[in-house]
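Each chain is listed here by its residues.
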Amino acid sequence: MTETYDLKLGPLTRKLPLIPINDQVTIASFVLLGDAELTHYAAEQLAKRVADVDFDYIVTIESKGIPLAQELSWLTHHDRYIVLRKSEKDYMVDPIDMTVSSITTSADQKLVLDGTDAKLLAGKRVLIVDDVISSGGSIETAHQLLDQVGAKVVKQLAILAEGDAADREDIHFLGKLPLF
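Treat the numbers as computed from the prediction; the structure is a model and nothing was measured.

1. Considerations on the packing of helix α1 (residues 36-49) against helix α2 (residues 66-75)
Running from amino to carboxyl end, α1 crosses α2 at an angle of 50°, the nearest separation of the two axes being 9 Å. On the basis of their axis angle, the class for α1 and α2 is oblique. Considering the relative orientation of α1 and α2, their crossing is right-handed. On α2, the residues that touch Thr39, His40, Ala42, Ala43, Glu44, Leu46 and Ala47 of α1 are Pro67, Leu68, Glu71, Leu72 and Leu75. Among the residues forming the contact of α1 with α2, the class breakdown is 8 nonpolar, 2 polar and 2 charged.

2. A look at the environment of Lys110
Checked against the element boundaries, Lys110 lands in strand β7 (residues 109-113). Distance in space between the C-alpha atoms of Lys110 and Leu84 is 9.3 Å, their sequence separation being 26 residues. The contacts of Lys110, once residues within four sequence positions are left out, are Arg85, Lys86, Asp97, Met98, Thr99 and Val100.

3. Section: the environment of Lys176
Considering the arrangement of structural elements, one finds Lys176 in strand β10 (residues 172-177). Lys176 sits 44 residues away from Val132 along the chain, and the two C-alpha atoms are 9.3 Å apart.

4. What to know about the pairing of strand β4 (residues 57-61)
The side chains of a regular strand alternate between both faces of the sheet. Across the 5 residues that make up β4, a large majority, 5, are buried. In terms of strand pairing, β4 meets strand β8 (residues 125-133) through 4 bridges, oriented parallel. Its bridge partner lying in β8, Thr60 is registered against Val129. As judged from the 4 bridges shared by β4 and strand β5 (residues 81-84), these two strands associate in the parallel manner. If you follow Ile61 over to β5, its bridge partner there is Leu84. Remark: the β4/α2/β5 crossover connection has right-handed handedness.

Rules behind the numbers
Residues numbered from 1 in each chain as written. Predicted model: local features only at pLDDT ≥ 70, side-chain atom pairs only at ≥ 80, totals over all residues. Heavy atoms only, no water. Axes fitted to C-alpha atoms, helices over the stretch in contact; angles between N-to-C directions. Helix = DSSP H or I, 4+ residues; strand = E, 2+ residues; numbered from the N terminus. Parallel < 35°, antiparallel > 145°, perpendicular 65-115°, else oblique. Left-handed = near helix turned anticlockwise from the far one by under 90°. Contact = heavy atoms within 4.5 Å. Nonpolar A, V, L, I, M, F, W, Y, C, P; charged D, E, K, R; others polar. Buried < 20%, exposed > 50% of the residue type's maximum accessible area, 1.4 Å probe, protein only. Pairing = 2+ DSSP bridges. Right-handed = clockwise from strand over helix to strand, strands pointing away.

Below, the structure is given as structure tokens:
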């Protein structure tokens, strides 16, 4: 097996290292953090896909979705986006959390919404954005958490869909990422 996978996204190409997750699955490791060019390109493409969607906030999952949410917020003229954190922080007021399991982590994690943000989201229309959708566990948990606080998810977006996630019709994405 080669040691890298060539990801082509529009005019951009990135060499992604292949990382074994377990004895049966190897992933092409896509890390958006620090890649301003790819972040901007992806946000531009996703902005086109939501140009006719009425929404109030963008919600993302810590941490690799943060630069995408920021750029997409800017391009769609939304002054604020919300980050679901993976742990409770001391500054949070009445945090709300749910447990999530993900293909890229060895143990269950939490998604935590600050209670102050929960109040902002109540009754609002939101987009969920993330860098890569694999099993869909994180985005599904984010959806449930947002439902719990009265937000309405109007669209789910990702840069890449990995493995079987590429067959999902409820998530809009720019490219496919195979599992090895």
